[in-house]
Amino acid sequence: MSQPILWYFADPMCSWCWGFSPAIETLRDAYRERMKVALVLGGLRPGESTPMTPTARDEILHHWHAVHERTGQPFRFEGALPDGFVYDTEPASRAVVTMGGLDPALIFPLFKAIQTAFYAEGRDVTQADVLAGLAAGLGVDRAAFLDAFDSDAARARTQAHFRQARQAGVRGFPTLIVQQGAQLHPVCNGCLPLDTVRDAIDRCLQTEA
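Residues numbered from 1 in each chain as written. Predicted model: local features only at pLDDT ≥ 70, side-chain atom pairs only at ≥ 80, totals over all residues. Heavy atoms only, no water.

Caption draft 1: Structural detail: the overall build of the protein chain. When helices and strands are counted, the protein chain shows 8 helices and 4 strands. Starting at the N terminus and walking to the C terminus, you meet the elements of the protein chain as β-α-β-α-α-α-α-α-α-β-β-α. The C-alpha radius of gyration computed for the protein chain amounts to 17 Å, which stays within 12% of the reference 17 Å derived for 209 residues, consistent with globular compactness. Across its three principal axes, the protein chain shows a C-alpha extent of roughly 50 × 40 × 30 Å. With 209 residues in all, the protein chain has 45% of them scored as buried. Partitioning the intrachain contacts of the protein chain with sequence separation of at least 6 by distance along the chain shows that 73% fall at a separation of at least 24. Within the protein chain, one finds 19 positive and 24 negative side-chain charges whose respective centroids are separated by 4 Å. (Helix = DSSP H or I, 4+ residues; strand = E, 2+ residues; numbered from the N terminus. Rg over C-alpha atoms; globule rule 2.2 N^0.38 Å. Buried < 20%, exposed > 50% of the residue type's maximum accessible area, 1.4 Å probe, protein only. Contact = heavy atoms within 4.5 Å. Lys, Arg positive; Asp, Glu negative; His and termini not counted. Charge placed at Lys NZ, Arg CZ, Asp CG, Glu CD.)

Written out as C-alpha cells, the structure reads:
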C-alpha cells in the first residue's frame, strides 16, 4: 500500500494559516515517518488588482486581531496594509511554487518566511524583490530565483495548485486532507487546536490501517 499523503491547503497571506503555523510544523515533525506532508497553494486572493478600501482593511485587521488573540502569533499592526496596498496573493504563492522547483526541501521554510515577513514584520510580500530576498535568506541564488519566479512555467504550476485546491473542494484555509490511495479524507477545515487535528489524523490512519 502506498504511503499516505497529508495535503496542507494554505496561502502564505492567509492570517489563519499564520495562526496555524506552529501546529503544521508540529504535525510535519510528528508524522514525517508515517506519511508525506505536501503543501498546496490554495489561492486566497490571486490576481487581485484593485487597491484595498478602508472598509476591507478594517475587516482584515479584525481577522488579524482574532488570530493573534486565539493563537498568540505575532502581528505588526502599526502601518499594516497601507493605502494603495493590493492584496494579490498570487506572487507569494508563486514564490513558494518556484522554490519547489529549485529546492523542494525549502518549500515549507520559504512559506513560513513569507508569512513572518508579512504578518510579523509588515513587509510587502507581493513584491518580487522582497520574495527574492527571503529566498536568498534561505541560501538560494537571488538571480536564479527571480529568473524562475518570472517564468511562464512557474505561473502555470501556480495555477495548477489553485486548480488542485478547487478540485479537492477546498473552500477555506487552512485545510488538511489525508489521501490514502485514491481516497481523500478531510481532517481539518480551519485553524483548529493541534490536539483536535492530531486526533482526526490518527483516526483516519487507524481506519485505513
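Still more to cover.
Caption draft 2: Spatial organisation of the sheet that holds strand β4 (residues 183-189). The strand order β2-β1-β3-β4 describes an open sheet built from 4 strands, whose pairing is mixed. Only two strands of the sheet have a single partner each, and these edge strands are β2 (36-41) and β4. Within the sheet, the average angular offset between the axes of one strand and its neighbour, ignoring direction, is 25 degrees. Judged from the 6 bridges that link them, strand β1 (residues 5-10) and β2 form a sheet pairing that is parallel. Across the sheet, Trp-7 pairs through a bridge with Ala-38, a residue of β2. Where helix α1 (residues 15-31) meets the sheet, it contacts β1, β2, β3 (175-180) and β4, and its direction lies at approximately 165 degrees from that of β1. (Pairing = 2+ DSSP bridges. Axes fitted to C-alpha atoms, helices over the stretch in contact; angles between N-to-C directions.)

Caption draft 3: The arrangement of the packing of aromatic side chains in detail. Applying the stated criterion across every chain yields a total of 13 aromatic pairs. Where Tyr-8 meets Phe-20, the ring centres are 6.0 Å apart and the plane angle is 35 degrees; that geometry is what we call tilted. You can see Tyr-8 sitting in strand β1 and its partner Phe-20 sitting in helix α1, a full 12 residues away along the chain. Like Phe-20, Tyr-8 is buried. For the pair Trp-64 and Phe-118, a centre-to-centre distance of 5.5 Å together with 80 degrees between the ring planes defines the contact as edge-to-face. (Phe/Tyr/Trp six-rings, centres within 6.5 Å; stacked < 30°, edge-to-face > 60°.)

Caption draft 4: Region of interest: the nonpolar core. Membership of the largest hydrophobic core comes to 68 residues, with the highest contact counts inside it found for Tyr-8, Phe-20, Trp-64, Leu-81, Tyr-87 and Leu-176. Once residues lying within four places of it in the same chain are set aside, the contact partners of Tyr-87 are Met-13, Leu-44, Arg-45, Glu-48, Met-52, Ile-60, Trp-64, Leu-81, Phe-118 and Tyr-119. (Core = buried A, V, L, I, M, F, W, Y, C linked by side-chain atoms within 4.5 Å.)

Caption draft 5: Focus on the pattern of salt bridges. Taken as a whole and judged by the stated rule, the model has 6 salt bridges. Here Asp-29 and Arg-32 are joined by a salt bridge, their closest N and O atoms 3.6 Å apart. Relative accessible area serves as the criterion here: at 45%, Arg-32 is assigned to the partly exposed category. For Arg-34, the salt bridge goes to Asp-202, with nearest N and O atoms at 3.9 Å. Placement of Arg-34 in the loop between α1 and β2 and of Asp-202 in helix α8 (residues 194-208) is noted, with a sequence separation of 168 residues between them. The class for Asp-202 is partly exposed, based on a relative accessible area of 23%. (Salt bridge = Lys/Arg side-chain N within 4 Å of Asp/Glu carboxyl O.)

Caption draft 6: Broad picture of the packing of α1 against helix α4 (residues 107-120). At a minimum axis separation of 10 Å, α1 and α4 run at an interaxial angle of 145 degrees. Seen from above, α1 lies across α4 with left-handed handedness. On α4, the residues touching Ser-15, Cys-17, Trp-18, Ser-21, Ile-24, Glu-25 and Arg-28 of α1 are Phe-108, Lys-112, Gln-115, Thr-116, Tyr-119 and Ala-120. (Left-handed = near helix turned anticlockwise from the far one by under 90°.)

Caption draft 7: Broad picture of the environment of Leu-138. The residue Leu-138 is located in the loop between α5 (128-137) and α6 (142-149) in this model. In contact with Leu-138, not counting residues within four places along its chain, are Met-99, Leu-106, Pro-109 and Leu-110.

Caption draft 8: Broad picture of the pairing of β2. Burial runs high along β2: 5 of the 6 residues are buried. Once the chain exits β1 it traverses α1 before rejoining the sheet at β2, and the crossover so formed is right-handed. (Right-handed = clockwise from strand over helix to strand, strands pointing away.)

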